[in-house]
Each structure stands twice: as structure tokens, then as C-alpha cells.
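Notes for the structure review
Chain by chain, the residues:
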Amino acid sequence: MVYCAVTESALSGAVSEKDKAAMRWYYEKFLLQADTERGGPYDTVTRYPHIAACAFVNWPVDVAPRPADQVLPHCSSDSDCGFYVWRNRWQDADDTVISVLSSRTRGYMGAKSESYFSVQTGGERIRWGTAGAQVKQWQHSPRGETSSLAFSDGTCLAVDFTGASGTNTMLVTTGKADGQKVKVGNKTLTFYFPTAEKPPKITVSRDTASVGKQKISVEDGSLVLRVKGK
């Protein structure tokens, strides 16, 4: 799955034909020019000789590229490692990519768990909010335009890429974070709109917060998103 890392040609041998089309599109749009300028397009010049062999065997030469937005979901997870990642679009360096590693990974290139969400947006990288130590619940729509993550300590996160809020990226959390804060029931929700020049208005009615046509509530310890009228 491609979100913010360089694709390796070896991966192409382990994905579906549909995903190969998206991977080829991603490579040609974001990586091919730089590789060509260095004299090593299509993974043909690297410090590891076997990568060139993998490129020869697996490169999807007979697959037409297809825009990643039409193929890949906007969020994904590795539950074994506790890694969660979101991407609002595949367009340019201003895309918004969010990630968190909730569990320590061991072995080669092991990494410590993170107590925050990494947000790359508008060409900048920041640490935002707080993340719990153990994931209790992970839910998302079929294409990942909406998703929610709940930790065992009660901290929750919701990510909205539908545009229903009036901006193409909306983050909501019950944990400590910078942003606009409102009280919903007995919970304080913090909203962050990384792509908006001017944050949209938030209104609260009983146990629901509304931003544009998007409604946010806390149910059974998780944040729930519902578009008005749907």
C-alpha cells in the first residue's frame, strides 16, 4: 500500500492487478523523473543487485497506470505492529498524511511506539494530539473517507476526508491537542483542519457537534461521523 514511502518494485509481485495500476501511476507521477535524472529509472540502479532483478520480473509493463485516488483506500492499518496511516489524496507535495505507531516494533529497523500523531501537510511536518498505548477499536468506511480509532485509555480520533465539513480534511480527538475545542456531553472534542485557510464553524446541539454537513458524536467510547441526510 502506497501512502508516503517510496515504492519498491519487489512489492508489485505481491499485489493485485488493480493495485499494480495505482502503484505504477504513483511511481510515474512522483518518482520517475528523479530516478531518471539520477540515471536509474525503474529501480535499475541501487546498492542492492537483487532489486534490479525484482524490477525486471515484477514491473507492471503490461498494466496501464490508474490514478491512486480511484483505487487505493484513504486509510490503512497494520494491526500486528499497531501502525495506522491516512492520506487525504494523491496529488502533490501538499497532500496530508497522518500516521501513528501505537506499539513498539522489534527486530531489524524496530521502532518505539508514539504518543502523538504525525501529520505532514502543506509541506510541513508536525506532532499533533495524543495517542494511547493500546488500540481498542478501529473502524472505517469502505474507501476510508471516514475512520475512527479508539484507545484503551479512552482517547479517540476521527478522520474525515469526505469534504462534508466544508474542508477536505478534518481531525477530531477527545485527547489533548491544539485546535478548536467544544463540549459534547461530558467530553471535550478538539477539531483540527490542516488544509483550511479559515477553520469552518462548529456548532453543538445536545450530544452532537456539527461542522457543515458532517455530524460528530461520542458513542460507546468511540467517535462516530454521520453526514447530515444520509
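Okay, so let's go over this structure. Please read these numbers as outputs of a predicted model, since none were measured by experiment. (Residues numbered from 1 in each chain as written. Predicted model: local features only at pLDDT ≥ 70, side-chain atom pairs only at ≥ 80, totals over all residues. Heavy atoms only, no water.)

A short note on the sheet that holds strand β5 (residues 124–128)
Strand order in the open sheet formed by 5 strands is β1-β2-β3-β4-β5, and the pairing between neighbours is antiparallel. Where the open sheet ends on each side, the last strands, each with one partner, are β1 (75–78) and β5. When strand polarity is set aside, the average angle formed by the axes of neighbouring strands in this sheet is 15°. Where β1 lies against strand β2 (residues 83–87), 4 bridges are found, and the strand directions are antiparallel. Counterpart to D78 in the pairing with β2 is F83. (Pairing = 2+ DSSP bridges. Helix = DSSP H or I, 4+ residues; strand = E, 2+ residues; numbered from the N terminus. Axes fitted to C-alpha atoms, helices over the stretch in contact; angles between N-to-C directions.)

Remarks on the side chain of D35
Following the sequence through the fold, D35 ends up in helix α2 (residues 32–37). Sequence-distant contacts of D35, that is, excluding residues within four places in its chain, are made with Y27, G40, P41 and Y42. (Contact = heavy atoms within 4.5 Å.)

Some words on the pairing of strand β10 (residues 180–184)
Sheet topology note: the β10/strand β11 (residues 187–192) ladder contains 5 bridges and is antiparallel. Bridged to Q180 within β11 is F191. Following β10, the chain reverses through 2 residues before pairing antiparallel with β11; G185 in that reversal takes a positive phi of roughly 65°.

Observations concerning the environment of T146
On the secondary structure map, T146 appears in strand β7 (residues 146–151). Judged by relative accessible area, T146 falls into the buried class, the value being 18%. Taking the C-alpha atoms as reference points, T146 and W128, 18 residues apart in sequence, are found 19 Å from one another. The residues contacting T146, other than those within four sequence positions of it, are H140, S141, V159, D160, T162, Q214 and L225. (Buried < 20%, exposed > 50% of the residue type's maximum accessible area, 1.4 Å probe, protein only.)

Brief notes about the environment of F83
Positionally, F83 belongs in strand β2. For F83, a relative accessible area of 33% gives the class partly exposed. Along the backbone, F83 and S103 are 20 residues apart, and their C-alpha atoms lie at a distance of 7.4 Å. Setting aside chain neighbours within four positions, we find F83 in contact with S76, S77, D78, S99, V100 and L101.

Observations regarding helix α3 (residues 49–58)
Of all the residues in α3, the buried ones are I51, A55 and N58. Viewed along the axis of α3, the buried residues span an arc of 90°, placing them on a single side of the element. Along α3, the residues that are exposed and aim more than 90 degrees away from the buried face are P49, F56 and V57. (Arc of directions from axis to C-beta.)

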